[in-house]
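# Geometric and topological summary
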Amino acid sequence: MQTYDLIQKTRRLEPLSEGEIRHLVQGFTHGEIPDYMMSAWLMAVCCQGLSVEETVALTLAMRDSGDCLDLSSIHAKTIDKHSTGGIGDKTTLLVAPIVAACGGFVPKMSGRGLGFTGGTIDKLESIPNFRTDLSVEQFLDNTKKIGCCVIAQSGNLTPADKKMYALRNLTATVDSIPLICASIMSKKLALGADCILLDVKYGSGAFMKTPEDAETLAKLMVQVGQQAGKSCRAIITDMNAPLGAAVGNALEVEEVILTLRGEIRNALTDLATALAAQMLVMAGKGDIVLCRKMAEQALESGEALEKFRAMIEAQGGDGNVCDDTDLLPKSEVKRTVFASRRGFVTSIQSEEVGLACLGLGAGRTSDRPDIDMGAGVVFHRFVGDFVGQGDPLFTVHGISDALCEAAISRLSAAIEIKDAPAVQIPMIHKIIEA
Ligand code: URA
């Protein structure tokens, strides 16, 4: 089989067979197909697309490029959840303990921050001594005992995706719907949960900029999941504004704890409850009305908080953070910005917020690989809120005045205040079921 011919076929919109796709994935993973040939094929996919059958074949070949976990010892339906990434998206940290408190099992492998979007693993590692590098045995044991465990992607899971993602990053081939689908779904399928809930985000702080593109991606991922024998659903959600009040690692963990303690309730709480309810339905715990009630009850009763504490302690972390958030890392400098005029907050550009937090050190850049766990921003007003002149708008946390000043300029430009409120966009745009 000539790789040259396969590139030519995709370029000419001629479908590849399953065997031809496996040849590409295996050859590239084992170093037999050079980067320049794979780059050419990825670019052909970017420009011409792939059929659903080809996307399924690509996903399965990528899944099979490394190890697949065996979750059968959990002896219950397991539920995984994936977010396509956004600003202030800490829903996993809420959803996993809520679902566990309702009797569900959530074995979850998460990633680190990518570009201006934060990563669940970085957030969890802001909890003193929290370990995300557990062995597979520990991962399974903790899930069985507590109902949830969140660790970093490790071992030899989907090596094809690791190599292909690195190449896509260098060759402007990241934003292709079939390639994103295969990348995400191959990892989900290698983890092996019975049910997969996908939170597909659109907006300025997401990979997909429009609800239409998010829907195309969501439908494709649900089809691929189903064809691989999984129960799969997707929720399409708005990421034009940051999710919740906090953006940054320890700051987001603090918001999670305050939410679990019932001290705050905002759009994040509503989305986390909606996601948890869908996961419980998929796990067979009841219909959506009952599962929503169960999720709300787990939050209100404090049972979800206790699951979060148990998960932290089982992963070596200091569970006392649940009672005293001052135990989380803090940045030295804290500056609050006040509204210069009265009116309604009509937009907060989430991509700009992500970039401001990256500048503060809350994410990794090539010249600053270490994260400042305390850095970030906390908003005191959300889109739709009224703000009086002189009311607090947001507080920036960073290690120096200079870094905070730069973030303040960027954030101030990212917030729009007008005389009249804007039309509110619902957080959940659509639910895609099989
Ligand atoms: N997240 C992934 O894991 N892969 C992609 O291609 C895009 C987002």
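Residues numbered from 1 in each chain as written. Predicted model: local features only at pLDDT ≥ 70, side-chain atom pairs only at ≥ 80, totals over all residues. Heavy atoms only, no water.

### Quick look at the environment of C47
Within the secondary structure, C47 sits in helix α3 (residues 35-48). Counting along the chain gives 34 residues from C47 to L13, while the straight-line C-alpha distance between them is 9.9 Å. (Helix = DSSP H or I, 4+ residues; strand = E, 2+ residues; numbered from the N terminus.)

### Thoughts on the sheet that holds strand β6 (residues 246-247)
Pairing in this open sheet of four strands is antiparallel, and the strands run β6-β9-β11-β7 from one edge to the other. Each having just a single partner strand, β6 and β7 (333-338) make up the two edges of the open sheet. Both strand β9 (residues 376-379) and strand β11 (residues 392-398) contribute to a ladder of four bridges, which runs antiparallel. Paired with V378 across the two strands is T395, which belongs to β11. (Pairing = 2+ DSSP bridges.)

### Observations concerning the sheet that holds strand β1 (residues 79-83)
Across the sheet, which stays open at both edges, the four strands sit in the order β1-β4-β5-β13 with mixed pairing between neighbours. Both edges of this open sheet fall to β1 and β13 (428-432), since each of them pairs with a single strand only. Neighbour to neighbour, the strand axes of the sheet diverge by 15° on average, direction disregarded. By the bridge criterion, four bridges tie strand β5 (residues 231-238) to β13 in an arrangement that is antiparallel. If you follow A234 over to β13, its bridge partner there is I432. Running over the sheet, helix α9 (residues 177-191) touches β1, β4 (195-202) and β5 and is turned about 160° from β1. (Axes fitted to C-alpha atoms, helices over the stretch in contact; angles between N-to-C directions. Contact = heavy atoms within 4.5 Å.)

### A closer look at the site of the ligand
Neighbouring residues of the ligand: Y165, R168, I180, S183, I184, K187 and F207. Residue R168 places a side-chain N or O atom 2.9 Å away from an oxygen atom belonging to the ligand. Expressed as a share of its isolated accessible area of 230 Å², the protein-covered part of the ligand is 90%. Taken together, the elements giving at least two residues each to the shell around the ligand come down to α8 (159-170) and α9. For the shell around the ligand, the element with the highest residue contribution is α9, accounting for four residues. Residue composition of the shell around the ligand, grouped by class: four nonpolar, one polar and two charged. (Near = heavy atom within 4 Å. Polar contact = N/O pair within 3.5 Å; in protein donor to acceptor, adjacent residues only side chain to side chain. Areas by Shrake-Rupley, 256 points an atom, 1.4 Å probe, with all protein chains shown as cover. Nonpolar A, V, L, I, M, F, W, Y, C, P; charged D, E, K, R; others polar.)

### Digging into the packing of aromatic side chains
Tallied over the entire structure, the rule returns two aromatic pairs. For the ring pair F344 and F386, a centre distance of 5.4 Å and an interplane angle of 70° mean the geometry is edge-to-face. With F344 in strand β8 (residues 343-348) and F386 in strand β10 (residues 386-387), the pair connects residues that are 42 residues apart, well separated along the chain. Seen from their ring centres, F379 and F394 are 6.1 Å apart, and the 55° between their planes marks the pair as tilted. With a gap of 15 residues between them, F379 in strand β9 and F394 in strand β11 connect regions that are remote in the sequence. (Phe/Tyr/Trp six-rings, centres within 6.5 Å; stacked < 30°, edge-to-face > 60°.)

### With respect to the domain arrangement of the protein chain
Domains assigned within the protein chain are domain 1 (3-49), domain 2 (72-160 + 173-324) and domain 3 (329-418). Each of domain 1 and domain 2 has a C-alpha centre, and the two are 32 Å apart. Contacts between the two partners involve seven residues from domain 1, matched on the other side by six residues from domain 2. For the domain 1 and domain 2 pair, buried surface summed over both sides reaches about 550 Å², with 87% attributable to carbon and sulfur atoms. (Domains from an automatic or database assignment. Buried area = accessible area lost by both parts, 1.4 Å probe.)

### Let's talk about helix α13 (residues 288-300)
With 13 residues, α13 should reach 18 Å at 1.5 Å per residue; the first-to-last C-alpha distance of 18 Å fits that figure. Turning to α13, its buried residues are C291, A295, A298 and L299. On an axial view of α13, the arc spanned by its buried residues comes to 100°, and they lie on one face. Of the exposed residues in α13, those oriented more than 90 degrees away from the buried face are V289, K293 and E300. If you follow the buried residues of α13, they end up packed against α5 (91-101), α11 (249-260), α12 (267-282) and α14 (303-314). Where α13 begins, the capping side chain belongs to D287, and its oxygen is found 3.2 Å from the backbone nitrogen of V289. Phi turns positive one or two residues past the end of α13, at G302, with a value near 85°. (Expected span 1.5 Å × (residues − 1). Buried < 20%, exposed > 50% of the residue type's maximum accessible area, 1.4 Å probe, protein only. Arc of directions from axis to C-beta.)

### So, helix α16 (residues 401-414)
When the terminal C-alpha atoms of α16 are compared, their 20 Å separation across 14 residues agrees well with the 20 Å that a helix rising 1.5 Å per residue should span. Three or more residues of α16 are buried, namely C404, A407, I408, L411 and A414. One face of α16 carries all of its buried residues, which in axial projection span an arc of 125°. The exposed residues of α16 that point more than 90 degrees off its buried face are A402 and A413.

### Description of the packing of helix α2 (residues 18-29) against α8
As a packed pair, α2 and α8 sit with axes 9 Å apart at the nearest point and diverge in direction by 85°. In terms of axis orientation, α2 runs roughly perpendicular to α8. Contact residues: V25, F28 and T29 in α2; P159, A160, K163, M164 and L167 in α8. The residue makeup of the contact of α2 with α8, split by class, is six nonpolar, one polar and one charged. (Parallel < 35°, antiparallel > 145°, perpendicular 65-115°, else oblique.)

### Overview of the pattern of salt bridges
If charged atoms from side chains of opposite charge come close, those side chains can pair. In this structure the tally under the stated criterion is 29 salt bridges. One salt bridge in this structure joins R341 and D419, with 2.5 Å as the shortest N-O distance. Separated by 78 residues along the polypeptide, R341 in the loop between β7 and β8 and D419 in the loop between β12 (415-418) and β13 bring together distant segments of the chain. Under the relative-accessibility criterion, D419 is labelled exposed at 65%. (Salt bridge = Lys/Arg side-chain N within 4 Å of Asp/Glu carboxyl O.)

### What to know about the environment of G384
Positionally, G384 belongs in the loop between β9 and β10. Judged by its relative accessible area of 25%, G384 is partly exposed. Sequence separation between G384 and C291 is 93 residues, and the spatial gap between their C-alpha atoms is 29 Å. Among residues more than four places away in sequence, those in contact with G384 are F344, V345 and Q424.

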